[in-house]
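As a plain string of letters, each chain reads:
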Amino acid sequence: MQSKGKCIYCGKLFSGSGLSRHLATHLKEEPVADRKRSYHLVVDAKPYFLHLLMDGDAEMEELDSFLRAIWLECCGHLSKFSTARWGQEIKMATKCRRAFDKGTELWYAYDFGSTTELTIRCVDAYPTATKEGIRLLSRNEPLDIKCDHCKEKPAEELCTVHYGEDEVFFCEACAEQHMEECEDAEYAMMPVVNSPRMGVCGYTGGQIDLERDQIEA
Ligand SMILES: [Zn+2]
Ligand SMILES: [Zn+2]
Ligand SMILES: [Zn+2]
Ligand SMILES: [Zn+2]
């Protein structure tokens, strides 16, 4: 399953490396700023992805906050960046320009209990400033997840006690029916959201780009 994302500049849909190449055509046109650099980052948690432009002077802490706000935050767990899963930790106060260069790949983890792991790859760097610190260039469009019960309508909820079984995702009507049959459903039903943390811990959705965060806006 390869997910697609819309280009923030022109609204066209692309998938995979086609999106990276396309965004580069816009990023080359960004105004040149003296002694500034901005980094095109791809955050990957297949099939979920984000394309970001990050100012070289912004700190990793800002990237951490952004990832929490769009994909991860449930109850204030710890997180960290490092060069690899067992690699060297990169401090939150590190500037983006010190952490990334073209081709750099970092590892990120949120929550060391029910961990969500991401990789962050720097596609390229540009001589431009990103005034807002971090700009969302694209993200995967909501995945097409169907109800496991009626196999027809879009899924809106999942039952976390049934992970790995035949029926996990439910549309609104089938969720109601499942609530009656499943004794754990009261605490186990979670919303379907556009995030690699869907169904994990208490995660119920993000705080930015809400339009593409849930199945129904
Ligand atoms: Zn475009
Ligand atoms: Zn949590
Ligand atoms: Zn259904
Ligand atoms: Zn259930």
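In this text, all values refer to a predicted model and were calculated from it rather than measured experimentally. Along every chain, residues carry numbers that run from 1 in the direction the sequence is written. Lettering of chains starts at A and numbering of ligands starts at 1, both following the order in which they are written. Totals for whole chains, interfaces and linings use all residues, but because this is a predicted model, local features are given only for residues with pLDDT of at least 70 and pairs of side-chain atoms are given and counted only at 80 or more. Computation of side-chain values covers all heavy atoms of the structure but excludes hydrogens and water.

Some details on the sheet that holds strand β10 (residues 157-159)
Step number 1: Pairs of strands are assigned from DSSP output, requiring at least two bridges between the strands. Numbering goes from the N terminus for both helices and strands, where a helix is a DSSP run of H or I of at least four residues and a strand is a run of E of at least two. Within the open sheet, the three strands sit side by side as β11-β10-β12. Their pairing is antiparallel. Two strands bound the open sheet, and with one partner strand each, they are β11 (169-170) and β12 (189-191).

Let's talk about the coordination of the zinc ion (ligand 1)
Step number 1: Donor atoms are limited to N, O and S found within 2.8 Å of the metal ion, a distance that becomes 3.2 Å for Na, K and Ca. With water left out, some sites might look partial. Protein coordination at the zinc ion (ligand 1): the donors are Cys-7 (SG), Cys-10 (SG), His-22 (NE2) and His-26 (NE2), at 2.0 to 2.2 Å from the metal.
Step number 2: Square planar and octahedral assignments, for four and six donors respectively, both demand that opposite donors be over 155 degrees apart and that all other angles lie between 65 and 115; tetrahedral needs four donors with all angles between 85 and 135 degrees, and anything else is irregular. Here the zinc ion (ligand 1) binds four donor atoms, and the angle range of 97 to 123 degrees at the metal identifies the geometry as tetrahedral.
Step number 3: Spacing between the donor residues of the zinc ion (ligand 1) along the chain follows C-x2-C-x11-H-x3-H. Taken together, the residues span a long stretch of sequence, with Cys-7 in the loop between β1 (4-6) and β2 (13-15) and His-22 in helix α1 (residues 16-27) at a distance of 15 residues. Comparing Cys-7 with His-22 shows no difference in burial state: the two are buried. Throughout, exposure labels follow a simple rule: accessible area from a 1.4 Å probe, protein chains only, divided by the maximum for the residue type, with under 20% read as buried, over 50% as exposed, and the rest as partly exposed.

Considering the sheet that holds strand β4 (residues 48-55)
Step number 1: The antiparallel open sheet is built from seven strands, whose spatial order is β6-β5-β7-β8-β3-β4-β9. Both outer strands of the open sheet, β6 (89-90) and β9 (134-139), are each paired with one neighbouring strand and no more.
Step number 2: Packed on one face of the sheet, α1 meets β3 (38-45), β4, β8 (116-126) and β9 and runs near 25 degrees to β4. When checking whether two residues touch, look at their non-hydrogen atoms; a contact exists if any pair is within 4.5 Å. Axis lines are fitted to C-alpha atoms, over the contacting stretch for helices. Their N-to-C directions set the angle, which ranges from 0 to 180 degrees.

Section: the coordination of the zinc ion (ligand 3)
Step number 1: Here the zinc ion (ligand 3) is held by the protein donor atoms Cys-147 (SG), Cys-150 (SG), Cys-171 (SG) and Cys-174 (SG), which lie 2.3 to 2.4 Å from it.
Step number 2: Around the zinc ion (ligand 3), the four donor atoms sit at angles spanning 98 to 117 degrees, and that spread fits a shape best called tetrahedral.
Step number 3: Here the donor residues for the zinc ion (ligand 3) map to a single chain with the spacing C-x2-C-x20-C-x2-C. Across the pair, Cys-174 and Cys-171 agree in class, each one buried.

A look at the side chain of Asp-148
Step number 1: Here Asp-148 lies in the loop between β9 and β10.
Step number 2: Despite its burial, Asp-148 pairs with no opposite charge; the closest candidate is Lys-151, at 5.7 Å N-O.
Step number 3: Polar contacts here mean pairs of N or O atoms no more than 3.5 Å apart (in protein, one a potential hydrogen donor and the other a potential acceptor; neighbouring residues in sequence count only if both atoms are side-chain atoms). Among the polar contacts made by the side chain of Asp-148, one reaches the main-chain amide nitrogen of Val-168 at a distance of 2.9 Å.
Step number 4: Those residues in contact with Asp-148 that sit more than four places away from it in its chain are Asp-166, Glu-167, Val-168 and Phe-169. His is not counted, nor are the chain ends, whereas Lys and Arg count as positive and Asp and Glu as negative. Whenever Lys or Arg places a side-chain nitrogen within 4 Å of a carboxyl oxygen from Asp or Glu, that contact is recorded as a salt bridge.

Brief notes about the layout of surface pockets
Step number 1: A volume near 310 Å³ is recorded for the largest pocket.
Step number 2: In the cavity and pocket records, a cavity denotes points on a 1 Å grid over the protein atoms alone where a 1.4 Å probe fits but cannot get out, a pocket denotes an open set with protein on both sides within 12 Å along at least 5 of 7 lines, and lining residues are residues with an atom within 4 Å of a point. Taken together, 17 residues make up the lining of the largest pocket; nearest its centre are Gly-16, Val-42, Asp-44, Lys-46 and Phe-49.
Step number 3: Its residues assigned to classes, the lining of the largest pocket comprises six nonpolar, seven polar and four charged. Grid points are joined across faces, edges and corners, and a volume is the space filled by probe spheres set on the points. Lys, Arg, Asp and Glu make up the charged group, whereas Ala, Val, Leu, Ile, Met, Phe, Trp, Tyr, Cys and Pro make up the nonpolar group; the residues left over, Gly among them, are polar.

Here we look at the pattern of salt bridges
Step number 1: Tallied over the entire structure, the rule returns 16 salt bridges.
Step number 2: With its nearest N and O atoms 2.7 Å apart, the salt bridge here joins Asp-44 to Lys-46.
Step number 3: Residue Asp-44 is classed as partly exposed on the basis of its relative accessible area, which comes to 23%.
Step number 4: Within the structure, one salt-bridge network assembled from shared partners comprises Arg-139, Glu-141, Asp-209, Arg-212 and Asp-213.

Examining the pairing of β3
Step number 1: Summarising burial for β3: seven of the eight residues are buried, a large majority.
Step number 2: As defined by bridge partners, β3 adjoins β4 across eight bridges and the pair is classed as antiparallel. Each bridged residue has a counterpart across the sheet, and for His-40 the counterpart in β4 is Leu-53.
Step number 3: Remark: two residues form the turn of the hairpin made by β3 and β4, two consecutive strands paired antiparallel.
Step number 4: For β3 and β8, the ladder comprises seven bridges, and the chain directions are antiparallel.

Examining the domain arrangement of the protein
Step number 1: Boundary definitions for the domains trace back to an automatic or database domain assignment. As assigned here, the protein comprises domain 1 (4-139) and domain 2 (157-193).
Step number 2: Distance between the C-alpha centres of domain 1 and domain 2: 33 Å.

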